[in-house]
Amino acid sequence: MQLGHVIKVIQGVVESVEIPEKVDIIISEWMGYFLLRESMLDSVLVARNKFLKPGGALYPSHARLYFAPIRSGQTQQRLADFQVTLLAVCSPHTCCTSRWGVKMVAA
């Protein structure tokens, strides 16, 4: 089936693209890693507001994000390594005293 006379693909940055009339459907692959990682949601909303006819469709139009806290040995080790590195660079006691003249002592 030939649809070249019905469908036209326009490639470009949505904020700068111009088209002669509003459209019935916008199809966009905007969902990156962790749903919002690539920060494309703003561009999709610009396209919707700028190009979509009233009553038009946006695909995909919905998304769900599920997440839950986890705990693993690897995560614990990375946190411990980070804390050791941070303290090696600047311990809270010496940094506060040398930089701001504040002594951190337990009450």
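From a predicted model like this one, the values you see are computed outputs, not experimental measurements.

Digging into the nonpolar core
Line of reasoning, step 1. Val14, Ile26, Trp30, Val44, Ala47, Phe51, Leu52 and Leu58 together form the largest nonpolar core, which totals eight residues.
Line of reasoning, step 2. Residue assignment for this core shows that the elements contributing at least two residues are helix 1 (41-51) and strand 2 (52-59).
Line of reasoning, step 3. With three residues, the single largest contributor to this core is helix 1.
Line of reasoning, step 4. Residue contacts for phenylalanine 51: discarding those within four places in its chain leaves Val14, Val17, Ile19, Lys22, Val23 and Ile26.

A short note on the pattern of salt bridges
Line of reasoning, step 1. In the structure shown here, the tally under the stated rule is two salt bridges.
Line of reasoning, step 2. For the salt bridge of glutamate 18 with lysine 50, the shortest nitrogen-to-oxygen distance reads 3.5 Å. Highlighted residues: glutamate 18 in the segment before strand 1 (23-27) and lysine 50 in helix 1, separated in sequence by 32 residues.
Line of reasoning, step 3. Note that lysine 53 is salt-bridged to aspartate 24, the shortest N-O span being 3.4 Å. Remark: aspartate 24 occurs in strand 1 and lysine 53 occurs in strand 2; sequence separation between them is 29 residues.
Line of reasoning, step 4. Among the residues examined, aspartate 24 registers a relative accessible area of 48% and is labelled partly exposed.

Here is what the cut-offs are and how they apply
- Position numbers for residues count from 1 along each chain, tracking the sequence in the order it is written.
- Two thresholds apply to this predicted model, a pLDDT of at least 70 for residue-level local features and 80 or more for giving and counting side-chain atom pairs, whereas whole-chain, interface and lining totals are computed over all residues.
- Side-chain descriptors were evaluated using all non-hydrogen atoms of the structure, hydrogens and water having been removed beforehand.
- As used in this record, nonpolar core signifies buried Ala, Val, Leu, Ile, Met, Phe, Trp, Tyr and Cys residues forming a set joined through side-chain atoms within 4.5 Å.
- Accessible area is worked out with a 1.4 Å probe on protein chains only. A residue is then buried under 20% of its type maximum, exposed over 50%, and partly exposed in between.
- What counts as a helix is a DSSP run of H or I of at least four residues, what counts as a strand is a run of E of at least two, and both are numbered from the N terminus.
- Any two residues whose heavy atoms approach within 4.5 Å are treated as being in contact.
- Criterion for a salt bridge: a side-chain nitrogen of Lys or Arg within 4 Å of a carboxyl oxygen of Asp or Glu.

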